[in-house]
Amino acid sequence: MTISEAAKFLSLSTSTIYSKVCKMQIPVHKKGKRLYFERRELSEWIRGGQRKTVEDLYNEADEYLRTMRSKPRRAN
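This text gives an overview of the structure that appears in the document. (Residues numbered from 1 in each chain as written. Predicted model: local features only at pLDDT ≥ 70, side-chain atom pairs only at ≥ 80, totals over all residues. Heavy atoms only, no water.)

1. Focus on a nonpolar patch on the surface
Then comes step 1: On the surface, Tyr-64, Leu-65 and Met-68 cluster together into a nonpolar patch covering about 290 Å² of accessible area.
Then comes step 2: Residue Leu-65 is classed as partly exposed on the basis of its relative accessible area, which comes to 38%. (Patch = residues over 30% accessible without salt bridge, like charges linked within 9 Å, V, L, I, M, F, W, Y side chains within 5 Å. Areas by Shrake-Rupley, 256 points an atom, 1.4 Å probe, with all protein chains shown as cover. Salt bridge = Lys/Arg side-chain N within 4 Å of Asp/Glu carboxyl O. Buried < 20%, exposed > 50% of the residue type's maximum accessible area, 1.4 Å probe, protein only.)

Written out as structure tokens, the structure reads:
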């Protein structure tokens, strides 16, 4: 999709899209001077910015603690 289509899909202005492209904050494909976006990549990018729930954070902490307990400790 073009930059204007991506802006409409993301509900952002084209200048915001250009800014995010410049800062490498958004997935983009460049052919010559043109920028192209894939709907699937933009959808994944949106989902990637999702905040974790408290339950997700607890689960990650539990998993981390489990892996740390099972690792052998190094002697100094």
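2. Brief notes about the side chain of Glu-41
Then comes step 1: Along the chain, Glu-41 turns up in helix α3 (residues 39–48).
Then comes step 2: Residues within four places of Glu-41 in sequence aside, it is in contact with Pro-27 and His-29. (Helix = DSSP H or I, 4+ residues; strand = E, 2+ residues; numbered from the N terminus. Contact = heavy atoms within 4.5 Å.)

3. Points about the packing of helix α1 (residues 3–10) against helix α2 (residues 14–22)
Then comes step 1: At their nearest, the axes of α1 and α2 sit 9 Å apart, and the two run at 100 degrees to each other. When the interaxial angle is binned, α1 and α2 end up roughly perpendicular. For the pair α1 and α2, contact is made by Ile-3, Ser-4, Ala-7 and Leu-10 and by Thr-14, Ile-17 and Tyr-18, respectively.
Then comes step 2: Here the contact of α1 with α2 is built from residues that sort into five nonpolar, two polar and no charged. (Axes fitted to C-alpha atoms, helices over the stretch in contact; angles between N-to-C directions. Parallel < 35°, antiparallel > 145°, perpendicular 65-115°, else oblique. Nonpolar A, V, L, I, M, F, W, Y, C, P; charged D, E, K, R; others polar.)

4. Quick word on the environment of Glu-38
Then comes step 1: Mapping Glu-38 onto the fold places it in the loop between β2 (34–36) and α3.
Then comes step 2: Judged by its relative accessible area of 33%, Glu-38 is partly exposed.
Then comes step 3: Along the backbone, Glu-38 and Pro-27 are eleven residues apart, and their C-alpha atoms lie at a distance of 8.1 Å.
Then comes step 4: A polar contact is formed between the side chain of Glu-38 and the side chain of Arg-40, at a distance of 3.3 Å. (Polar contact = N/O pair within 3.5 Å; in protein donor to acceptor, adjacent residues only side chain to side chain.)

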